Each structure stands twice: as C-alpha cells, then as structure tokens.
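Report on the structure
This is what each chain is made of:
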Amino acid sequence: MNNLDRTELGFIAALPLLIACGLLLPQWIVNYIHVSLGTGLVALGVMVQMRAGLVSFGQGLYFCIGGYAAGLAGRLWGLSDFFLLIALGIAAGLVVSFLLGFLLRRYRRIFYAMLSLAVSMILFGLLSSSEELGSTDGFNLPATSYLGWLPGQSVSGDVLYVATCIPTVICAILLHRFLRSPMGYVGEALRENEIRIEYLGMSARKAVHIIYVIAAVVSSIGGVLWAMALGHIDPEMTNWVTSAQFVFIAILSGIGNVAAPLFGTLLLEFIRVYAVEIAPDSWHIIVGSVMLLIIVFLPRGLWSLVSSNNGLKNKFTHRVKAASEPEGARS
Amino acid sequence: MLPMLTAIAIIVDGLGFSAWLFLSSVGLTLIYGVMRILNIAHGGFYALGAYSAAWSIGLYSQTGSTIALTFLLIPVAALVAGVVSGLLIERGILRFMYGKDEILMVLVTYAIFLVLEDVTKLIWGTDSYVAYQPAFYFGSIDVLGIPYTVYRFIVIGVAAVVGAALWWALNYTRSGKLLMVVIEDREVSASLGINVTLFFTVTFVVGAVLGAFGGAVAAPEISVTPGIGAEIIVLAFAVIVIGGMGSVGGAMIGAIIVGFARAFSVHVYPPAELFSIYLVMAVVLAFRPYGLFALAEGRKI
Amino acid sequence: MTVVLETRGLEKRFDAVVAARDINAEIFESEVLGIIGSNGAGKTTFVNMVTGYLQPSSGQILYRGRDITGMETRDITRLGICRSFQIPQLFLELTALDNVLIALSVARERRPVLFRPVVTREIVDEALELLAKFRIEHVAHQEVTALPQGVRKLIDIAMATVANPDLLFLDEPTSGVSAEEKMDMMEVLISALQSTNTAVLFIEHDMEIIERFSPRVMAFYEGTILADGPTADVLRNEKVREFVVGQEFHRNGTAATMKGTA
C-alpha cells in the first residue's frame, strides 16, 4: 500500500520503538503496556463506532468473545498457536457481529447504547451460570506457541509481547485507513444526517452494520491478545461495567485519531495503578469526576490538546487542503 | 405441562419479581419521559436506598424495640437518600447540562453513577449488610404447600399502589396535567409561564426517591453488597425498553413480562435466568422496535 | 417527448387526514416544471412519495415505464431520481467541500469501499468544480453551520446533482433566501442544471420566479392537482387564482412576492 499518511507512518515508526520498550523497560511497566495493547484495541472499536455517532455500552461482548474463542480452543482442542487463536477470535467476532448486526443496525443513539449493553449481558449471564466454563471464575489459557514453537519460560513473555505489538499496530493502521475511506466518510455522515445518506443512494443501516462488524472484529482481536497476555479469562470481560470503561477511554482520549484511544488506555492503566494504591475506594470517584470534567471542558478529549487538527471538525478540511496544495493557486 | 407446584411458584415468584422490578425501574422511565435523560445513575439511587435502609434497620434492631417500626424506616430511608442525592445531582450537575445531546447525557449520568458507587462504599464500606427482620416479621403463609413470606405479598401490593398513585398523579392532578404540557413542548410551556426548571427538579427528585425506594424495599430480601446498582440498572433497562421508554404503564407491563420470564426460567432452567430476560426483550423488539408503548416522533423533512 | 415519470392515482392518507389524493402527473425528459400551492397542499408529500421517503397509500409511480412504487429511497436515487430539501439536509459539522466529497464518493461507489482513501486530488478537483458551478467555491473550506441559508440551499442542491440525475426535485429552492437574491439564485441554479439534460421540478411560492423559469406549472390544492399546463394558462385559471395564487398577484404586476397562505 502506497501513499501512507502521517499517522500511518507514525505507527510504522512506533512499532520498533514499542518493541524496544518491551525489551528495555522494567518488567512491571512492560506488563502494563502489554495488557493495554489488548484493551486498547477494544477502545478503538468503541471509537470507530463513536465516529459514526454510535455509542456502544457493550463492546465488552466482543472483547469476551475473542478471549473465550482463544480460551475454549485451548480447553477443548488444546490449541495454543498465536496465529490460529487470533484467526479464531476474528472468525468468532465476525460471525456473531454479522448476525447481531441485523438487530443493532435498526437502532441509534441511546437505543443503540442500551441494546449493545443488553446483548453483552446475555453472554455475561450465560458464562456466569455455566459450570463447565468455570462460571464467574473463568479459566486459564495454556502458554502461547508460535507455528509449533513453544518458547522457553524465560523468554516466553518477551516473545508474546513482541508478537502482540505487531497485530495491534496493523489493526490501528487498517482502522485509520478505514476512517479515511468512503465508508469511513459515510460513518461521519451517519452521525450528522441519515436522511441525506439515503438520498445519496446508500443504506444507512448497512453502513451501521459494516461499522458494527469492523468494531467487533478489532475488539475480538483485542480480546484474544489480552487473554493470551493475562493467561486467564472470566465473564467480567463482557460485564457492562467493563464495556463502560472502554467508553470512558474513548471520551477521555478523544476520537480525533486512532492513536488516541491506544494512548488513553495506557494512561488510564498507569493512573489506575497509583490511584488504587493511594485511595482504593475512591477510584471511581476520580474516574467519574474526570469524565464529567472532560465532557464539559474538553469535549474532544485529551487528543485535542496534542493535535493541531483538533478532533472531528477540521479533520477532512485539513486533509483536503493537503491534497490540493501542490496545485498552488487555490484559495 | 408444568407440574402444578411449579406453576404456582412461577406465578407467585413472577409477581414478586415484577413488583420489585417495577419499583426499581419506574423512576428511570419517569425521568426519561419528562427530561429525556437515560439516567444510568438510577442504579446508584437504588444502591443508596438499599444501603440506607439496611443500615438503619440494622441500627434500629440493636435497640431491641419492636420490629414493626422498621416498616416506617424503609420509606423514610428511601426518602432521605433519594431527596438528598437527587437534589444534589440535579442542582449541582445536571441543570447545567440541559438541552445537551441525549447520548451525552447518558455519559454524564454514567459518570455520576461511578461517583455514587464509591460514595456508597465510603459511607458503608465494602462489607455486605443483611436486614432480614422486616421480611420475617409477619411470618409466612403457605400457598399450596410452598411457604412465602407475607413481606413479599406486601411488596406486590406496594408496587400496585405506587403504580396507581403515579397514574392518578399524572392524569388527574393539576401538576400532572401541566407536566404533560412540559413533556409535549418545553419551550411553549416556558412561554406559557410554567416553571419548567421546577418541574425538572421535582421529577428528578421523585425519580431518585422511587429508585431508592426500590432498593430499600428489596433490602430485607437480599444481601446488600457493592455492585447491586450495576446489576439493577441492566434489568431496569430491559424493563423500560420492553415497555417503551418514558411510559409509566409500559414500565408496569415490562416489569411483569421480565418478572415472569425470570421466574419461569428460575423454576424450569435456572442457568438461563439472565438469558431469558433478554430473549423476551429481543422478541418484543423484533415486533415493536421501540417497545410496546413507544413515544411518537415528528416529521423530519 | 419521452415521459420520465408518471404517477397514477397516487394517494396518501395519515389516519383520517388525506395529504394527497388522485395525483396523476407526467414529467417529461429535460423539462423544467414548477409546482405551486399553499402550505399543506401536498407538494412535499408528492415529492416524498415519488422519492420513496413515504409509501403511498394507493396508486402507482412509474419511472420510464417501470413501476417503482414502494421502492426504497436509496434505490430510487440510484435510478436517477434525486431531490433537494426545503430545509437543507447537510452534514452540519463538516465543511461545504466535505459535504460534496461525501456525496461524490457515495455516488461513485455502488459497493462499500473500506480501505482506500477517499480524498484524492481528482475527487477534490471535481468537488470544487461542482461548487464553482453553483458559484459557491469560495465557501469550500467553511463549516456548514457557519454558512447562510442561501448558500446551504445551493450546497444541498449541488449534492443532489452529483449523480447526474435524470429527474431532480427541488423543494422550495428559494425559501429562506432574501427577495433580492432569489432571482440571482435561480439564475445560477437553472444555468448550472441546463448543461445537463436533467428534468427539473421545483416547488415555488414566488409567481415571478415561476413565470420566468418554468414553462409548465402544476397547481396543488388540498392534496389534489388543481391545474396542470403551460404556466400562463394555469396562472390565468379561475380556480388557481382563487385558491392558490390569491388576489394580490397581477398578471403584469410587480408586487408579487407570494407567501403561502397557511
């Protein structure tokens, strides 16, 4: 793929940097980065929908589906191959979201939020009451292998970390591409005016369906990566409280760029470590107050502080100007 | 065919669940109907009500006085918890946000919900509270051999009374009629001299008290622990989505549907408890995408 | 002349209210046709039905002989029947150029394209050209919320033309535009559309504009077509003068900014 833009180049440059971090920084920090890569992808799934004006309070569903797809493959068939598990996670997310999409695509706004929540709680109910799957305790995953190679105990963590970085960066680049594509544009348009979309000859519902599936697949991949990183899964992954955290991350970091939710996840992870230590019973008060402050004072999220093209508003214009610049004379 | 005993159990439990669900969700639908706010913080009101009731009943019981008075403690605890928290939240936060996008308000109330969760923990700690005394005070009666606490039937009666009172207040009082005008068109009502702000504040506080009351009434029958707010909000959503958001009558029908679906699954196939609720919801939405009593929408172009 | 669109016995009821009744209309290739009638006469309902936004209660809509009754708006759009709106339906938080870009890219692709960037120099040039055709290229980089109603109307119309429609409905293109600007705006519009062989049907309350731009006119009254024919004849029609045009309009008069009666 040619004509990479700044964000895409940034991600490609970030990959070796990310891997270097993993090898140089202390282990406990790397663990947090590692885990945030998985949850970061779920936050990205939330962000992609938010760009189209759709707020999902149930993205944990696909986080969980990815995790359980990987976990069950290990439990039932003894599978532990990194690539195979990711493929399974994608397949599971794809199938479920394609089917559920027919229901969800009929809804918008608060109904979309509530129904996505309801659907995720169905899985929560099923998993919590299923004794064979460890009910609320969940179960463990076997150590990850790579095309038949099982790394030794001493390096397995590092190998998994590096292996996790790669799909995360690929997903981020692909999602960025998606947001720049005609369908990504339709997403923006969807948020603003559906009647016009229909009158342009496009099905708004189909557009919602496509966005829903894409968000689901990314989140499933996040679920697989997270499950492998932690080596454990449980139904909490699809509790609405987990899903709401992803919404929080998207609000906090802003939806102006795909990098924002990834950074936001990491930031939150670190803050949580300290906050829980200092004031264990006040963590939610902090999160809730920050969220209120962001909504009121920084509606485009933290990303708008570091970005020159603030959030949604000037996004296209910016790019359009860049695209037409070589021609000169236009004003 | 179901065995007779199971059928009876489903009916009584179904009514019990329905009553509890109605009390816990009617405030949510009321606030949505009037203010167009889908209030996730409702789960927080429920928890506050449950904790304050359980805590005060516990304190009172230690004095050794008659248990009968705990029946007074339940509504009083709900009233205090609901009025204080409702007023603080509406006057302190929400009133600055009126007119904002519905989905943004969901996020705002979610943030408030998070704060309430920890406030509850800071006040009452993370231990669980049990306040069983009122539940057993009247003893139990046998329905074809199955013992049920009288308390459960009282709750069913209370739910019916609350429903009837709301229905009467909305349709037959002057304030209720004015409220209907506010729901119809805020701007016109304001220009007619109706104090819209006051209606909003009162509605929100009433909704909060109802939420707290749902929790307070449930307190003697459950173990009050952190997380009950997050659990109830999910069920309350299902109830009001089925009934049609903003409709009090809808909340009653929704509560009955969800309550019986749950009772049925509890007695026939327990693992499907949560699943059955959403299955019913999916079926209803397949035929009525915005619930049984959905509010109408205007012309767009 | 070829008939592009024909309706037979079209009717729309909302419960007890009849919004349109017995609408039999024919629209010919590349013609310009005006529609007059007071508010609530069924003009927009007619356009909504023909473009699939409302399903008719009974009757038939034929596009080049093919029955399109009951088809979805998006499919009708793809056939080449497009419209603009009384209240412009735009993507408000985006710039004028972005609005047109989205329209162009949707019109261009029949299947969803997921991973190829939409913004290329070619499509931007094309979008700017389209804006220039409607003489609003100077606002290309401004957000729609910041633009006056007249400009929004032109963007709205420009977006309706991206697919080179066969038939274009303009729902009150000059409403919300000041009296002095109306003529100029219509001038721009009609000249931009004349270069194509699009049949244009426009709803208008200003009889001066009707006389100047549409050779043929249909007058709606209480959900029916009261008169249909050459503009001069229709405007001379007794009933039209009584129910639609009103007394303040005089054949050669100058005092003629009509407003709807309701």
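Before reading on, note that the structure itself is shown above.
Report follows, based on the coordinates. Sequence positions are assigned chain by chain, starting from 1 and proceeding in written order. Here every chain gets a letter starting at A, and every ligand a number starting at 1, in the order they are written. Where local features are concerned, this predicted model is filtered to residues with pLDDT of at least 70; where side-chain atom pairs are given and counted, the filter is 80 or more; whole-chain, interface and lining totals use all residues. Remark: hydrogens and water are excluded; side-chain values derive from all non-hydrogen atoms of the structure.

**Some remarks on the overall build of chain B**
Applicable threshold: Strands are runs of DSSP state E lasting at least two residues, helices are runs of H or I lasting at least four, and both sets are numbered from the N terminus onward. With C-alpha atoms as the basis for the radius of gyration, the globule rule is written as 2.2 Å multiplied by the number of residues raised to the power 0.38.
Regarding its fold elements, chain B presents 12 helices and two strands. Across chain B, helices and strands are ordered from the amino to the carboxyl terminus as α-α-α-α-α-β-β-α-α-α-α-α-α-α. The C-alpha radius of gyration of chain B comes to 19 Å, within 12% of the 19 Å expected for a compact globule of 301 residues. A principal-axis box enclosing the C-alpha atoms of chain B has dimensions of 60 × 50 × 35 Å.

**Description of the interface of chain A and chain C**
Let me state the cut-off plainly: Contacts between residues were defined by any pair of non-hydrogen atoms, one from each residue, lying within 4.5 Å. Buried area: the accessible area, evaluated with a 1.4 Å probe, that two parts lose upon being put together, summed over both parts. In what follows, salt bridge is the name for a side-chain nitrogen of Lys or Arg lying within 4 Å of a carboxyl oxygen of Asp or Glu.
Counting residues at the interface gives 38 residues for chain A, matched by 40 residues for chain C. Buried area between chain A and chain C, summed over both chains or domains, comes out near 3,900 Å², and the portion from carbon and sulfur atoms is 65%. When the buried surface of chain A facing chain C is broken down by residue, A:Arg196, A:Tyr199 and A:Leu200 rank first, second and third, together holding 22% of it. Put simply, A:Glu198 and C:Arg74 hold a salt bridge, and the shortest N to O gap is 2.8 Å.

**Observations regarding the packing of helix α12 (residues 283-297) of chain A against helix α4 (residues 102-124) of chain B**
Applied cut-off: Note on method: axes are straight lines fitted to C-alpha atoms, helices fitted across the in-contact stretch only, with angles between N-to-C directions ranging 0 to 180 degrees. Orientation is classified from the angle alone, with under 35 degrees giving roughly parallel, over 145 giving roughly antiparallel, 65 to 115 giving roughly perpendicular, and any other angle giving oblique. If you view the pair so one helix is near and one far, a crossing is left-handed when the near helix is turned anticlockwise from the far one by less than a right angle, and right-handed when it is turned clockwise. The classification used treats Ala, Val, Leu, Ile, Met, Phe, Trp, Tyr, Cys and Pro as nonpolar, Asp, Glu, Lys and Arg as charged, and all other residues, Gly among them, as polar.
At a closest axis distance of 7 Å, the pairing of α12(A) and α4(B) adopts a crossing angle of 155°. Taken together, the axis directions place α12(A) and α4(B) in an arrangement best described as roughly antiparallel. For the pair α12(A) and α4(B), the crossing hand works out as left-handed. Contact residues: α12(A) offers A:Trp283, A:His284, A:Ile285, A:Val287, A:Gly288, A:Ser289, A:Met291, A:Leu292 and A:Ile295, while α4(B) offers B:Leu104, B:Leu107, B:Val108, B:Tyr110, B:Ala111, B:Ile112, B:Leu114, B:Val115, B:Asp118, B:Val119, B:Lys121 and B:Leu122. Class assignment for the residues of the contact of α12(A) with α4(B) results in 16 nonpolar, three polar and two charged.

**Some thoughts on the side chain of A:Ser116**
All names here are of chain A. The following threshold applies: The rule is simple: take the accessible area with a 1.4 Å probe, protein chains only, and divide by the maximum for that residue type; under 20% is buried, over 50% is exposed, in between is partly exposed. Here a polar contact is taken to be a pair of N or O atoms separated by no more than 3.5 Å, where protein atoms must pair a possible hydrogen donor with a possible acceptor and residues adjacent in sequence count only if both atoms sit in side chains.
You can see Ser116 is positioned in helix α5 (residues 109-128). On the basis of relative accessible area, Ser116 is assigned to the buried category, the value being 4%. At a separation of 2.8 Å, a polar atom in the side chain of Ser116 contacts the main-chain carbonyl oxygen of Tyr112. Contact partners of Ser116, with chain neighbours within four places excluded, come to Val55, Ser56, Phe57, Gly58 and Leu104.

Bear in mind that shape data such as this cannot, by itself, settle questions of function.
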